[in-house]
Amino acid sequence: MLAGLLALAGCTTDPAPSAGPKELVQPIQRARQQALVEGRTPAPQPTVLSYCYSRLINTPEQLAYEAGEACTERGGRLVFYGEDAVLTPCPLLQPVRATYLCYPAE
């Protein structure tokens, strides 16, 4: 059985991008929408970067690298926000979600 799980995990060893936590994403979206409704230019907001991963397969360094690459493309500064493993949109073989914030370059 373990061999079967490892075979299935073979195609999912890299951290997979995921939706960010709603309690983090929604306030950012609301602030942007409110500014637009009021006719203001929205203040720069951080981008939420979340990845599903397995603690048995992936390392914290690998996650930071993936998030850092995505943040660098945006020209920003990366900050680790946290992890969660309960009721995440992550698959069974990568049950933990790590979330980072990519702040815009100043």
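The structure this text deals with has already been given above.
Cut-offs and rules
Residues numbered from 1 in each chain as written. Predicted model: local features only at pLDDT ≥ 70, side-chain atom pairs only at ≥ 80, totals over all residues. Heavy atoms only, no water. Helix = DSSP H or I, 4+ residues; strand = E, 2+ residues; numbered from the N terminus. Expected span 1.5 Å × (residues − 1). Contact = heavy atoms within 4.5 Å. Buried < 20%, exposed > 50% of the residue type's maximum accessible area, 1.4 Å probe, protein only. Pairing = 2+ DSSP bridges. Disulfide = S-S within 2.5 Å.

A few points about helix H3 (residues 60-73)
The periodicity of an α-helix, 3.6 residues per turn, causes residues three or four places apart in sequence to face the same way. In a regular helix each residue adds 1.5 Å, so 14 residues correspond to 20 Å; H3 covers 20 Å between its end C-alpha atoms and thus fits that length. If you follow the buried residues of H3, they end up packed against strand E2 (47-53), strand E3 (77-84) and strand E4 (96-103). Just downstream of H3, Gly75 is the residue with a positive phi angle, here 75°.

Quick word on the pairing of E2
Among the 7 residues in E2, 5 count as buried, and that is most of the element. Inspection of the sheet shows strand E1 (residues 16-18) paired to E2 by 3 bridges, in the antiparallel sense. Each residue of the ladder has a partner; that of Ser18, found in E2, is Ser50. Pairing geometry for E2 and E4, over 7 bridges, is antiparallel. Paired with Leu49 across the strands is Tyr100, a residue of E4.

A look at the side chain of Thr88
Along the chain, Thr88 falls in the loop between E3 and E4. Residue contacts for Thr88: discarding those within four places in its chain leaves Pro95 and Arg97.

Here's the deal with the state of the cysteines
With the rule as written, the count across this model stands at 2 disulfides. Through a disulfide, Cys52 is tied to Cys90; the S-S separation comes to 2.0 Å. Between Cys52 and Cys90, the disulfide has an S-S torsion of -80° and is therefore left-handed. In this pair, Cys52 is assigned in strand E2 and Cys90 in the loop between E3 and E4, connecting sequence segments 38 residues apart. Cys52 gets classed as buried once you look at its relative accessible area, which sits at 2%. Here Cys71 connects covalently by a disulfide to Cys102, the sulfurs 2.1 Å from one another. Where Cys71 bonds to Cys102 through sulfur, the torsion about that S-S bond is close to 85°, and the disulfide is right-handed. Of this pair, Cys71 sits in helix H3 while Cys102 sits in strand E4, and the two are 31 residues apart along the sequence. This pair shows no difference in class: Cys71 is buried, exactly as Cys102 is.

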